Each structure stands twice: as C-alpha cells, then as structure tokens.
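Examination of the molecular architecture
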Amino acid sequence: MQQIISAPDPYILILTGAGLLIALVAWLPLALKRLPLSLPVVCIAIGIAIFSLPAVTLRPLPLTYPEVTERFTEFVVIIALMGAGLKLDRPFSWGKWNITWRLLAVTMPLGILAITLIGQWWLGLSWVAALLLAASLAPTDPVLAADVQVGPPKSGEEDEVRFGLTSEAGLNDGLAFPFVHLAIAMGLASTTGEPWAAQWLLHNVLWEISAGVLVGWLIGRLFGWLTFHIPADTRLSKTGDGLIAISATFISYGVTEILHCYGFLAVFVTALTLRRSHRDHAFNRQMHDLTEQVERLAMMVLLLLFGGALLSGMLWPLRWVDVAAAIVILLVVRPFAGLVALAGFRASRAEKRTIAFFGIRGVGSFYYLAYGLNHLKIDEGPRLWAIVGLVALLSILLHGLTVTPAMRMLDRWHGRDPDGNGSAAH
C-alpha cells in the first residue's frame with residue numbers, strides 16, 4: 001500500500017507530461033479552429049497552471065537562465081523560418097514580392113525609430129537599451145504568427161495578407177539583427193572608446209547580410225539538387241522523410257554562423273531555394289508538415305516556460321509608463337508604420353489594415369533581447385525583459401483573440417471556405 005501512494009518517479013512524470021503535450025500539439029489546432037482563441041494563449045494558460053503547482057519549484061526566468069533562453073528561442077525561430085519558406089507558393093521576384101519590400105524597407109525601420117525614441121524619451125532608458133528594445137520588438141514573429149500565415153504548400157491559402165505577413169516574418173528576423181549589433185557596438189564603445197561605425201557597417205551590415213543570403217542560396221541549391229534532381233533513385237525525395245528539411249535547417253544555420261553571418265536570413269533563403277527547386281513536388285508538403293510539427297512542439301514547450309516566467313515575476317520590474325508604452329507599440333506604432341508602407345499599394349482597405357494590425361511579437365523578440373543582453377551588460381536588463389514580456393503577452397492575447405474571426409472574414413471575402421472543406425464559401 002505504501003508503494004502505491006508513494007510519489008512517482010520524476011522520469012515517469014516527464015514521460016507522462018511529454019505524452020500529454022504531444023497529444024495537445026496534434027489536437028488543439030483542430031479544437032481551436034473555429035474559436036476566437038489561439039494555441040499560444042492556451043499554452044501560456046497551461047504553463048501558468050503547471051508552475052503554480054506546489055511540487056513544481058523551477059522558476060524559468062530568462063535572466064536566471066540566459067544561455068538556455070538564447071539557445072532555445074534560437075532553435076524555435078530557425079525551425080519556424082524553414083517552415084515559412086517552404087510553404088510560400090509565390091515564386092520569388094522583385095515585382096511579385098512588392099508588399100514584402102514595403103514592409104521591410106518602411107515598416108521595420110519606422111518601428112525601430114519610433115520604439116527607440118519611446119524608450120529613450122518616454123521610458124527614460126539609455127540610448128543603448130532603447131535601441132536594443134526597438135531591435136527586439138520591431139520584427140514580426142515567424143513562430144507565433146502561424147494563424148496569419150499562408151497555408152501548407154499548394155493549399156491555395158496565399159492571399160496578399162497571408163503572403164505579406166509570412167514573407168515579412170521570414171526576412172525581417174535576419175534584417176533586424178544589424179540593429180541588435182548596433183546597440184551592442186554602441187554599448188561597448190561607451191566603455192572602451194574604440195571606433196565602431198566602420199566595423200558595424202562593413203561587417204554587421206554588408207558582410208553578414210550578403211554572405212547570409214549567398215550561403216543560404218548555395219545550401220538551398222545543394223539540397224534542391226540532392227532532393228529532386230540527382231540522376232539516381234537515391235534522390236532524397238524518394239525517402240519520403242520530411243526530416244530532410246530539418247537537416248537543411250541545421251546545416252544552413254550552422255555553416256552560416258561558422259562564417260559569422262546571419263543564420264536566420266540563410267535558413268529562410270535556403271527554404272525558398274529548396275522549394276523553388278521543384279515547386280509542385282508532393283515532397284514539399286511532407287517536409288513542411290514535419291517541420292511544422294517540430295516547430296509546434298518546441299513552441300508549446302517554450303510558451304509553457306513563458307507562462308512559468310510570468311508566474312515567477314518576469315513582469316515585476318514594470319512601471320505604469322512601461323505598460324502604456326507597450327500598448328502604444330502594439331496599437332499605434334506597428335499599425336501606423338504598416339499603413340505608411342502600404343500607401344499606394346493595390347489592396348483593399350481591410351487588407352491593408354489587417355496586415356498593419358497583425359504585427360505579432362513573441363519568440364523572435366525573446367531571442368534578440370537574450371542575445372543582446374548576453375553580449376552587453378547593462379543595468380536595465382530586468383526592465384527590458386519585463387517590457388518585452390508584456391508586449392509579447394499582450395500581442396498573444398490581442399492577436400490570438402482576433403485572428404480567427406479576422407482570417408475567417410478574409411477567407412469569405414476571397415470566396416474560400418473558412419472551415420477548410422475545399423469548397424468555395426457563399
């Protein structure tokens with residue numbers, strides 16, 4: 001009797017919990033399909049419930065585990081970038097990707113400028129901390145934005161809104177990195193007095209961006225040839241194993257980082273190039289589906305920990321002015337910058353407003369802030385984590401509660417069945 005009521009082995013609890021988590025990964029998207037509720041919202045709620053149990057003593061605060069935070073968020077982002085690139089049906093071209101260039105060239109710089117000014121003049125942060133905050137919060141997140149992105153390959157779910165948000169999320173994660181490095185360079189120069197501008201421009205901007213794109217393209221071409229075009233029955237598509245996409249992700253990111261250039265950018269370019277190698281092949285769907293499963297599982301684990309961090313006091317350093325600034329960043333800065341970028345673009349007002357509104361912040365912001373603080377020691381670290389955590393939480397709640405009705409309305413407007421039954425909506 002004593003053995004029956006004794007506490008279970010932690011290993012057995014972990015196995016049980018992992019089984020439940022995997023079941024939720026498979027089932028929750030289906031259960032939430034018609035509800036004004038998103039998977040990230042549910043994950044955070046579950047995380048808060050788990051970490052409120054007396055038996056759970058772990059307090060997963062990012063400042064307590066800085067290296068783990070950086071590496072785990074990095075892993076989730078690169079998996080999401082591969083998935084985003086694989087599911088884009090639209091061929092790459094300057095003309096067809098016009099909406100993407102507008103969002104990258106106008107929306108993101110305007111966002112970085114506005115958030116930097118808010119951080120310095122309104123919140124009283126140092127210029128270095130304000131710039132790091134802006135670089136962390138400017139990019140649209142590729143992980144938590146799944147509900148506003150295009151559908152799987154050849155699914156037909158690629159209207160202008162979904163394409164714009166997916167392609168923006170794929171590319172702006174790499175292009176925000178120079179501003180993170182700019183904050184680091186300015187912070188280090190303030191203590192050492194060494195010149196930084198030329199090094200930042202030549203290395204962190206010109207070299208890392210151009211080399212990241214080139215390496216990503218080369219690895220994408222290599223995997224495209226091995227997967228679809230090698231003149232033998234041993235081509236990788238014959239395996240039917242979507243793990244090929246995970247392999248391409250790790251190799252692209254690893255080689256690029258070894259060469260000290262932007263791995264995020266390289267992974268997305270690799271995905272685009274791999275998809276372009278044989279755009280209509282059914283194996284693209286298999287690679288995408290496997291990548292999406294890995295991404296969703298990793299995202300759920302991360303959001304459970306985020307829920308635990310919220311419960312453990314992540315937001316305690318917040319001031320009332322920080323709360324007001326977070327609301328302004330979400331409801332004013334991103335929508336305004338998005339609408340400025342889309343001025344003159346051929347789309348309906350509803351489509352423009354949807355693109356401008358759904359600038360979701362989340363895992364990418366966590367990574368950039370963790371990376372910046374791990375390379376730059378500043379006193380505002382706890383407050384920056386509180387602000388970024390609040391913006392991510394508000395974004396998950398706000399966008400999570402509105403994304404389903406907004407996307408269903410968009411589908412009906414385009415004559416699609418929002419329930420995914422393959423028939424046109426009437």
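Before any of the text, the structure's been laid out above.
Just so it is clear, the model here is predicted, and its values are computed rather than measured.

**Notes on the overall build of the protein**
In terms of regular secondary structure, the protein is built from 16 helices and zero strands. Against the globule reference of 22 Å for 426 residues, the protein gives a C-alpha radius of gyration of 22 Å, in line with a compact fold. With the C-alpha coordinates of the protein rotated into their principal frame, the extents come out at 70 × 55 × 45 Å. Per-residue burial over the protein gives 53% buried out of 426 residues. Contacts in the protein between residues at least 24 apart in sequence constitute 81% of all its contacts with a sequence separation of at least 6. As presented, the protein carries roughly 19000 Å² of accessible surface, and 67% of it is formed by carbon and sulfur atoms. Of the side-chain charges in the protein, 30 are positive and 29 negative, and the distance between the mean point of each set is 8 Å.

**A look at helix 8 (residues 177-192)**
The first and last C-alpha atoms of helix 8 sit 22 Å apart over 16 residues, in line with the 22 Å expected at 1.5 Å per residue. For helix 8, every residue scored as buried is listed here: Phe177, Pro178, Val180, His181, Leu182, Ala183, Ile184, Ala185, Gly187 and Ala189. Turning to helix 8, the residues buried within the fold contact helix 6 (127-137), helix 7 (160-175), helix 9 (197-229) and helix 15 (363-375). Gly193 lies just past helix 8 and shows a positive phi near 75°.

**Observations concerning unusual backbone geometry**
Look at His260: it is not a glycine, yet its phi comes out positive at around 60°. Within the element layout of this structure, His260 appears in the loop between helix 10 (243-258) and helix 11 (263-277). In this structure His260 comes out as exposed when scored by relative accessible area, which is 53%.

**A look at the packing of aromatic side chains**
Each aromatic ring pair is characterised by the separation of its centres together with the angle its planes make. Throughout the structure, instances matching the rule amount to 22 aromatic pairs. The rings of Phe177, Tyr253, Tyr262, Phe264, Tyr367, Tyr368 and Tyr371 are connected pair by pair, giving a single aromatic cluster. Sitting over the ring of Phe163, Arg90 keeps its end group 3.8 Å from the ring centre.

**A few points about the pattern of salt bridges**
Counting across every chain of the model gives eight salt bridges. Glu74 is the partner of Arg71 in a salt bridge, and the nearest nitrogen-oxygen pair spans 2.9 Å. On the criterion of helical spacing, the pair formed by Arg71 and Glu74 is a turn pair, its members being three residues apart in helix 4 (residues 66-86). Two residues, Arg285 and Asp289, come together in a salt bridge whose shortest N-O distance is 3.1 Å. Taken together, the residues span about one helical turn, with Arg285 and Asp289 both in helix 12 (residues 283-311) at a distance of four residues. Judged by relative accessible area, Asp289 falls into the partly exposed class, the value being 27%.

What counts and what doesn't
- For every chain, the first residue of its written sequence is number 1, and the numbers climb from 1 along that sequence.
- Local features in this predicted model are restricted to residues whose pLDDT is 70 or higher, and side-chain atom pairs enter the listing and the counts only when it is 80 or higher, whereas totals over whole chains, interfaces and linings include all residues.
- Excluded from the side-chain calculations are hydrogens and water; all other atoms, namely the structure's heavy atoms, are used.
- Helix and strand assignments come from DSSP, with helices taken as H or I runs of at least 4 residues and strands as E runs of at least 2, each series counted from the N terminus.
- Using C-alpha atoms as the atom set, the radius of gyration is obtained and then compared with a globule rule of 2.2 Å times the number of residues to the power 0.38.
- With a 1.4 Å probe rolled over the protein chains alone, any residue whose accessible area is under 20% of its type maximum counts as buried; one over 50% counts as exposed, and the rest are partly exposed.
- When checking whether two residues touch, look at their non-hydrogen atoms; a contact exists if any pair is within 4.5 Å.
- In this description, accessible areas are obtained by the Shrake-Rupley approach with a 1.4 Å probe, and a residue is regarded as covered only by the protein chains that are shown.
- Two residue types count as positive, namely Lys and Arg, and two as negative, namely Asp and Glu; His and chain ends fall outside the count.
- By convention, the charge on Lys lies at NZ, on Arg at CZ, on Asp at CG and on Glu at CD.
- Each residue after the first adds 1.5 Å to the expected span of a helix.
- Each Phe, Tyr or Trp ring (for Trp, its six-membered ring) is paired with any other whose centre lies within 6.5 Å, and the angle between the two planes then decides the class: stacked below 30 degrees, edge-to-face above 60, tilted in between.
- Criterion for a charge above a ring: Arg CZ or Lys NZ at most 6 Å from the ring centre, at most 35 degrees from the ring normal.
- Any carboxyl oxygen of Asp or Glu within 4 Å of a side-chain nitrogen of Lys or Arg constitutes a salt bridge here.

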